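The primary structure of each chain is shown beneath.
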Number of protein chains: 2
Amino acid sequence: MSNEHRPHRAVSAATLADVARAAGVSEITASRVVRGRGPISAATRAKVEAAIAAVGYVPNRLAGGLASAGSNLVGVVLPSLSNSVFPDVLSGLNGAIAGERLRTLVAVTDYDLDAERDAVAALLAWRPAALVLVGLEHRPETREMLAASGATIIELMDIEGDPVDLAVGLSHTAAGAAAARRLLARGRSRIGYVGHGAGDLRAAKRRAGLEAALKRDANLTLAGAHVVDAPSSVGAGRAALAALLEVAPELDAVVFSNDDMALGGAFHCMAAGVDVPDRLALVGFNGLELANALPKPLTTVRTARGEIGRIAGEVLCARLRGETPPKVTDVGFDVVAGGTD
Amino acid sequence: MSNEHRPHRAVSAATLADVARAAGVSEITASRVVRGRGPISAATRAKVEAAIAAVGYVPNRLAGGLASAGSNLVGVVLPSLSNSVFPDVLSGLNGAIAGERLRTLVAVTDYDLDAERDAVAALLAWRPAALVLVGLEHRPETREMLAASGATIIELMDIEGDPVDLAVGLSHTAAGAAAARRLLARGRSRIGYVGHGAGDLRAAKRRAGLEAALKRDANLTLAGAHVVDAPSSVGAGRAALAALLEVAPELDAVVFSNDDMALGGAFHCMAAGVDVPDRLALVGFNGLELANALPKPLTTVRTARGEIGRIAGEVLCARLRGETPPKVTDVGFDVVAGGTD
DNA sequence: TGCATCAATGACAGCGCTGTCATATGGCGT
DNA sequence: ACGCCATATGACAGCGCTGTCATTGATGCA
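Since the model is a prediction, treat every value here as computed from it, not as a measurement.

Enquirer: Break down the sheet that holds strand S8 (residues 253-256) of chain A for me, with residues and values.
Expert: Residues and elements named next belong to chain A. With respect to topology, six strands assemble into an open sheet ordered S7-S6-S8-S9-S10-S12, the strand pairing being mixed. Each edge of the open sheet carries a strand with a single partner, namely strand S7 (224-227) and strand S12 (333-336). For this sheet, the mean angle separating the axes of adjacent strands, direction not counted, is 15°. Two strands pair when backbone bridges link them, and strand S9 (residues 281-286) and strand S10 (residues 299-303) are joined in this way by four bridges, in the parallel orientation. Paired with Phe 285 across the bridge in S10 is Val 301. Lying on the sheet, helix H11 (residues 259-272) is in contact with strand S6 (191-195), S8, S9 and S10; it crosses S9 at an angle near 155°.

See below:
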C-alpha cells in the first residue's frame, strides 16, 4: 500500500545483461552492438537489436562513462542566455558536435566569475570530454581546476589574453577600433558611448578599443558616455540614449555596447524625432539578424556567433581525435554598413 | 616517448579514496562530508575538507550516479534557441532548480518530433531525475520511453491535451481567441494573419483559436493569410507582411504568429509608410521585452515565459521531494494593450 | 545500575558497463 | 598439411562511488 516515490529510477530498467540474455549472447557482445564497435556478424547484430527493442533497453551512460573513464558530455559555461548571442553560439556548437555523439551540459553564470568557478567545478564532476567557456578572464582557482582536469578547454569569443588551452574568437579591441574608424571616416567627431553593466568584459574591451582609436587617429576623446548598471536590453538602450542626449545634445554619433542597446537607441530616436543618421549616427555591435530588418538597417560590427560555436565544435572534435588544432582561431568581424551612420 | 592523447581523463584524478587516506578516515566518511549527509563531527569535517583541498578532489558524478541509481540532471528538450522564448524558459528553470543542486542537460530539436524522440532517448541514458519537454504532442515512441522511464516528466507551454505526467503552460487556443476579441472590440473587421513554419504546433493552436473566435463572435473568417515556410524571425515577418498587403491591401488588422514576426511587420509598416494603428492594427504574441521598447509598443498577448520555467522547476522539486504537485498548472496570459491596435 | 537511544564512523558489496586479454573459427598461401 | 592472420565472440576485473547494515562509545532516564 506504500505510495512511495522513486523519482530517480525506472521501475526496473533493463540492463545490458537483460539484452544479452534475451539475445543469447554475452554482455560484451551486446555492448559492442549498442556502441557500434568491433566486428559483429550481421546475424548477431540483428538478434541483439531485436532484443534491445523487445526489452526496451536504454543504455546507462553513468555506468558507461564510469567504465570508460570519461563521458561524451561537453560542459558549456555561458554568461547569459538573455540576448541571442550565446544561444546562437550554443546552436552552432551543438550542430558541430552532434555528429560525434557529444552532448552539451550547460551552465549559466550571469557574468559572475564566482558563479563561473562553481559551474566549472560542477561540470568537471561529469568528467566531460571538453569544457567550453566564454572569455579569457577567470578566477585563478578556475584556471587551476581547468588545467588540472586534463580535459580539452575551449575559450570562446575573445582572443586577447592567455588561453588556458584553445581559443576561438576575435579581437574586441580591434572591433571597437573599427567602429571608431568607421565614424571618423564618415566625418563624425562628437562621438558618445552607451554601455551596459560591468560584468561584460568583452564590451569593456570594445569600448577601450574605441577610445584608443579615437585618440590615436583623431586625437578625440568620447564626447559623452552613459553606462547603465544592468544587463544589456533594448529598453535599457532606449533609456540610456535618452539620458545621454539630455546631458550631451551636441553628439553627432553614438556607439553602443551591443545591438540590443543600439536597437533601443534607434527606437528612442524614432520616438523622439531625432533624425538618424543626419543628426545622429548610431553604431551597434554583434550584427543581430533583427537589427538588419529595421526600416534603416543598423550599422554594426558583425561577429560570426554561430560560426564561433561551429568552429569551436570542430576544433574540439579535432582535439578529441588526437589531432593538434590551432591554439587560437581568429574568426574576425565585419563592419556592416547599414543606414544609421 | 608516446605522445598519446587521453582526452577523456585527467592525468590522474584524485578519488575519494585519496581524500580518505589523506584525512585518515574511511571512504564513506569522506563521502558523507562531500555530500553533506549524515552526522559528522566538526573535527572530522575539517580534516576531510582540508584533504579535499590538498589533493584537489573533484567528485565523480558518473560513479556517484551509478552507485545511487540516478543523476541530479534534469533533461530539457527545447524546440529552438533562436528567439528569446526558450532561453527565457530555460533561465527560469535553471534559477528554480539551482538550489536543489540539479543541472540541466539541454537538447534542441528544431521543432522536429523525430529529433525530439532521439533527444529523449539520449537524455534518458543519463538517468535524469526529471525530463522537461515542450508541448504535449510527441511521437508515440517518445511517450512510451517517457512513461517507461519512471522519471518525472514535465511538459511546458501548453495545457491543451493529455500530459504524460505534469504540465505547466497556458491555453494557446484561448490566447488566439483573446487576440480576436481584442481586435473585434477595437472595431476591426478585415483581419489577416501572418505565420511561420509548420513545426510550431502552439502557433497553430493560436491561429485556430483566433479563427474560431472570429467565427463565433462576429461570424468572420480571416481576410487574408500569409505563412512563411521557415522558422519565425523578424526578417521573415517583415517580408511576409509586405507580401500579404500586396494581395490583400484592404486589411485593417493583422495578427502575427509571434512577436518576432510582428516586429518585422511593424518595421515593414514604418518603412512603407503604413499608418499603425489607424490604417492597420498589429497584434503579436509572447510579450517580448523588446517589443515593448518600440516607439509604439506592440499590442501583444504576453506569456510568462520565465515564470513557466520557474514554476516548472518548483513543481519538479516538489515531486522529487515526494509531494504531489498539481498535474496541470495554468499560468495564463495577458493581453498587453500597446500602441499598435 | 541497566537498557534504550543516539551520534559518529566503518566494512562490504555492488551499481551497469567497458578495457584488456584470451579463445574459437575459418580461409589462405605455400 | 601447416602455420598465419583476420574475424567473431567471450571471461574477467574493476571504474569510483553510495546504500545498507554493523559497530562503538556516550548519553538519557527510570
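Enquirer: Let's hear about the environment of Leu 320 of chain A: which residues, and what values?
Expert: All names here are of chain A. Following the sequence through the fold, Leu 320 ends up in helix H12 (residues 305-320). When its relative accessible area of 21% is taken as the criterion, Leu 320 is described as partly exposed. Once the C-alpha coordinates of Leu 320 and Asp 330 are considered, the two residues, 10 residues apart in sequence, prove to be 21 Å apart.

Enquirer: Which residues make up the protein's contact with DNA strand D, and what values go with them?
Expert: What surrounds DNA strand D is a group of 26 residues, the closest being Thr 29 and Thr 44 of chain A together with Leu 16, Ser 31 and Tyr 57 of chain B. Backbone atoms, meaning sugar and phosphate, make up 67% of the atoms of DNA strand D lying within 4 Å of the protein. A distance of 2.4 Å separates a phosphate oxygen of DNA strand D from a polar atom in the side chain of Thr 44 of chain A. Interatomic distance of 3.4 Å between a backbone N/O atom of Ala 63 of chain B and a base nitrogen of DNA strand D. At the level of secondary structure, the elements contributing two or more residues to the surface near DNA strand D comprise helix H2 (27-35) and helix H4 (61-67) of chain A together with helix H2 (27-35) and helix H4 (61-67) of chain B. The greatest single-element share of the surface near DNA strand D, amounting to five residues, is contributed by H2 of chain B. A per-class count over the surface near DNA strand D returns 12 nonpolar, nine polar and five charged.

Enquirer: Go over the interface of chain A and chain B, please, and point to the residues and values.
Expert: On the chain B side, the residues contacting the 60 residues of chain A number 61 residues. Contact with chain B buries surface across chain A, with Leu 62, Trp 126 and Arg 127 of chain A losing the most and accounting together for 14% of the total. Where chain A packs against chain B, one counts 12 residue pairs in polar contact (both at pLDDT 80 or more). Among the elements of the structure, H4, helix H5 (85-98), strand S2 (103-108), helix H6 (113-124), helix H7 (140-149), helix H10 (234-247), H11 and H12 of chain A are those that each provide at least two residues to the side of chain A that touches chain B. Residue contributions to the side of chain A that touches chain B peak at six residues, all from S2 of chain A. For the side of chain A that touches chain B, the residue count by class is 37 nonpolar, 15 polar and eight charged.

Enquirer: Give me the lowdown on the pattern of salt bridges, citing residues and values where you can.
Expert: Counted according to the given criterion, the structure contains 38 salt bridges over all chains. The residue Asp 341 of chain A makes a salt bridge to Arg 182 of chain A at a minimum N-O spacing of 2.7 Å. Here Asp 341 of chain A is found in the segment after S12, whereas its partner Arg 182 of chain A is found in helix H8 (residues 172-185), with 159 residues between them in sequence. Neither residue differs from the other here; Asp 341 of chain A and Arg 182 of chain A are each classed as buried. For Asp 217 of chain B, the salt bridge identified is with Arg 216 of chain B, shortest N-O distance 3.4 Å.

Enquirer: I'd like a rundown of unusual backbone geometry, residues and numbers included.
Expert: Residues and elements named next belong to chain A. Geometrically, the link from Val 276 to Pro 277 is a cis peptide bond, its omega value of 10° lying close to zero. Turning to its location among the elements, Pro 277 is positioned in the loop between H11 and S9. Unlike most non-glycine residues, Met 157 shows phi in positive territory, near 80°. Along the chain, the position of Met 157 falls in strand S4 (residues 152-158). Its relative accessible area of 6% is what places Met 157 among the buried residues.

Enquirer: Quick rundown of the domain arrangement of chain A? Include the residues and the values.
Expert: Residue and element names in this part refer to chain A. Per the domain assignment, the segments of chain A are domain 1 (16-59), domain 2 (73-170 + 305-332) and domain 3 (172-303). Residue-level contacts link 14 residues of domain 2 with 16 residues of domain 3. For the pair domain 2 and domain 3, the two sides together bury roughly 1,300 Å², of which 47% comes from carbon and sulfur. Considering only the surface of domain 2 that becomes buried against domain 3, Tyr 111, Leu 170 and Arg 305 emerge as the three largest contributors, covering 41% of it. When the shortest N-O distance is used, the salt bridge between Glu 137 and Lys 205 registers 3.0 Å. Here domain 2 and domain 3 share 10 residue pairs in polar contact (both at pLDDT 80 or more) between them. Taken together, the elements giving at least two residues each to the side of domain 2 that touches domain 3 come down to H5 and S4. Across the side of domain 2 that touches domain 3, the residue classes tally to seven nonpolar, three polar and four charged.

Enquirer: An account of the pairing of strand S4 (residues 152-158) of chain B is needed here, citing residue identities and associated values.
Expert: Residue and element names in this part refer to chain B. Within S4, seven of the seven residues are buried, leaving the element largely enclosed by the surrounding structure. Handedness of the strand S3 (residues 130-134)-helix H7 (residues 140-149)-S4 crossover: right-handed. Examined bridge by bridge, S4 and strand S5 (residues 166-170) share five bridges and lie parallel to one another. Directly across from Met 157, in S5, lies its bridge partner Gly 169.

Enquirer: Please set out the sheet that holds strand S10 (residues 299-303) of chain B residue by residue, giving values where relevant.
Expert: Residue and element names in this part refer to chain B. If you walk across this open sheet you meet the six strands as S7-S6-S8-S9-S10-S12, and the pairing is mixed. Strands with a single pairing partner mark the edges of an open sheet, and in this sheet they are strand S7 (224-227) and strand S12 (333-336). Taking each pair of neighbouring strands and ignoring which way they run, the sheet shows an average axis angle of 15°. Note that strand S6 (residues 191-195) and S7 share four bridges and pair parallel. Within S7, the residue paired with Val 194 across the bridge is His 226. Taken strand by strand, helix H10 (residues 234-247) contacts S6, S7, strand S8 (253-256) and strand S9 (281-286), and its axis lies near 145° from that of S7.

Rules used throughout
- All residue numbers here refer to positions counted from 1 along the written sequence of the relevant chain.
- As a convention, the first chain written is A and the first ligand written is 1, with the rest following in written order.
- In keeping with the model being predicted, local features are shown solely for residues with a pLDDT of at least 70 and side-chain atom pairs are shown and tallied solely at 80 or more, while totals for entire chains, interfaces and linings include all residues.
- Think of the side-chain values as coming from all heavy atoms in the structure, minus any hydrogens and water.
- Two strands are said to pair when DSSP picks up at least two bridges between them.
- Here a helix means four or more residues in a row that DSSP labels H or I, a strand means two or more in a row labelled E, and each is numbered from the N terminus.
- All axes are obtained by fitting lines to C-alpha atoms, using only the stretch in contact for helices, and the reported angles, taken between N-to-C directions, cover 0 to 180 degrees.
- Whether two residues are in contact is decided by their heavy atoms: any pair within 4.5 Å suffices.
- To sort residues, take the accessible area from a 1.4 Å probe on protein chains only and compare it with the maximum for the residue type: under 20% means buried, over 50% means exposed, and anything in between is partly exposed.
- One heavy atom within 4 Å of a molecule or strand is enough for the residue carrying it to be called near that molecule or strand.
- Between N or O atoms, a polar contact is any pair within 3.5 Å; within protein, one atom must be a potential hydrogen donor and the other a potential acceptor, and residues adjacent in sequence are included only when both atoms are from side chains.
- The nonpolar class holds Ala, Val, Leu, Ile, Met, Phe, Trp, Tyr, Cys and Pro. Asp, Glu, Lys and Arg form the charged class, and all remaining residues, Gly among them, are polar.
- Once two parts are brought into contact, the accessible area they lose, counted with a 1.4 Å probe and summed over both, makes up the buried area.
- In what follows, salt bridge is the name for a side-chain nitrogen of Lys or Arg lying within 4 Å of a carboxyl oxygen of Asp or Glu.
- Residue ranges labeled as domains rest on an automatic or database domain assignment.
- The crossover handedness rule: strands pointing away from the viewer, path from first strand over the helix to second strand clockwise, crossover right-handed.

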